[in-house]
Amino acid sequence: MTEIIRDKAALRARVTAWKRAGEVIGVVPTMGALHEGHLSLAQAARAGADRVIVTIFVNPRQFNNPSDLENYPRTEHQDAEKLAPFGVDVIYVPGPSEIYPDGFATSVHVEGLTEILCGAFRPGHFDGVTTVVPKLFLQTGADKAWFGEKDYQQLQVVRRMAADLDIPVEVIGCPTVREPDGLALSSRNLLLPADARAKAPALGHVMQGMAEALAQGGTMAELVAPAEAALAGAGFDKVEYLELRAADGLALLDRLDRPARLLAAAWIGGVRLIDNIAVG
Ligand code: PAF
């Protein structure tokens, strides 16, 4: 089984030795409850770095809802078992005081990109992400970091933060992994009641239909209302956003005039799902 390190001093000692040997260090930051999407990141990291660290830390600062934090699945033992075949060098599972010691008073905020999409509905969420991620980069000494495109906005925000803070980490995005029925893999899928789980793939299917219509010249002004009606008909309780945005920089678009992403967040069975697909 892969070695688990829980304190940053021990991790630092290990990483310092690797760096002295000139090895490239790759990190896959996660909050655990690992699924095939995370494992695809571990696999990509294994191929792209000499040493691979997977971090597991359920970051309280990025949960704007206390019950969401409480219900977040914690499955460390199974996570370690799942990672075993991937040749990961270390699983770093810091306790809260390794990340937020007493007196911790710093918060990193990325302007603009964090005020739209998920940022508009989850106040403080991205500040939590952009505060913990640089700490994980620094504690692991990462040269490269792998993130899933499933959290497309997060990927853009983390890239901006690393560039703005001159953190010398190459941030690499990997494609979303889906269930055979099209549902994007997410740790939150574990929380879906069975009937909601059966209906949830409608989100990706409706978005796929919109993407095809956009590619043929359709506009968001004409496509959003029917798509929301289709999602309501399929059992979704609420659509938070359904937007077309520039793939680079996330400017709001009405039609496909450059490489774009269709992004959505919607609630079903008491669970908030997000998805996004490339358009054009
Ligand atoms: O995507 C996640 O799991 C988290 O937002 C991350 C990047 C591990 C930061 O806590």
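If you're wondering where the values come from, they're calculated on a predicted model, not measured in any experiment. (Residues numbered from 1 in each chain as written. Predicted model: local features only at pLDDT ≥ 70, side-chain atom pairs only at ≥ 80, totals over all residues. Heavy atoms only, no water.)

(A) Broad picture of the environment of Asp164. Along the chain, Asp164 turns up in helix H8 (residues 152-164). Accessibility expressed as a relative area gives 47% for Asp164, which makes it partly exposed. Between the alpha carbons of Asp164 and Phe63 there is a distance of 24 Å; along the sequence they are 101 residues apart. (Helix = DSSP H or I, 4+ residues; strand = E, 2+ residues; numbered from the N terminus. Buried < 20%, exposed > 50% of the residue type's maximum accessible area, 1.4 Å probe, protein only.)

(B) A look at the site of the ligand. All residues adjacent to the ligand are Pro29, Thr30, Met31, Asn59, Gln62, Val129, Val132, Val133, Phe147, Asp151 and Gln154. Here Gln154 contributes a side-chain N or O atom positioned 2.6 Å from an oxygen atom of the ligand. Protein chains shield 91% of the accessible area of the ligand, which is 280 Å² for the free molecule. Where the shell around the ligand is concerned, the elements lending two or more residues are strand S2 (25-30) and helix H7 (125-140). Looking at which element gives the most residues to the shell around the ligand, the answer is H7, with three residues. Its residues assigned to classes, the shell around the ligand comprises six nonpolar, four polar and one charged. (Near = heavy atom within 4 Å. Polar contact = N/O pair within 3.5 Å; in protein donor to acceptor, adjacent residues only side chain to side chain. Areas by Shrake-Rupley, 256 points an atom, 1.4 Å probe, with all protein chains shown as cover. Nonpolar A, V, L, I, M, F, W, Y, C, P; charged D, E, K, R; others polar.)

(C) Main features of the side chain of Thr30. Structurally, Thr30 can be placed in strand S2. Beyond its immediate stretch of four places on either side in the chain, Thr30 contacts His38, Val54, Thr55, Ile56 and Phe57. (Contact = heavy atoms within 4.5 Å.)

(D) Layout of H8. With 13 residues, H8 ought to run about 18 Å at 1.5 Å a step, and its terminal C-alpha atoms sit 18 Å apart, in line with that. Along H8, the residues classified as buried are Tyr152, Gln153, Gln154, Leu155, Gln156, Val157, Val158, Met161 and Ala162. Contact partners of the buried residues in H8: helix H6 (118-121), H7, strand S5 (144-148), strand S6 (170-174), strand S9 (260-268) and strand S10 (271-279). Positive backbone phi, at 55°, marks Asp166, one or two positions downstream of H8. (Expected span 1.5 Å × (residues − 1).)

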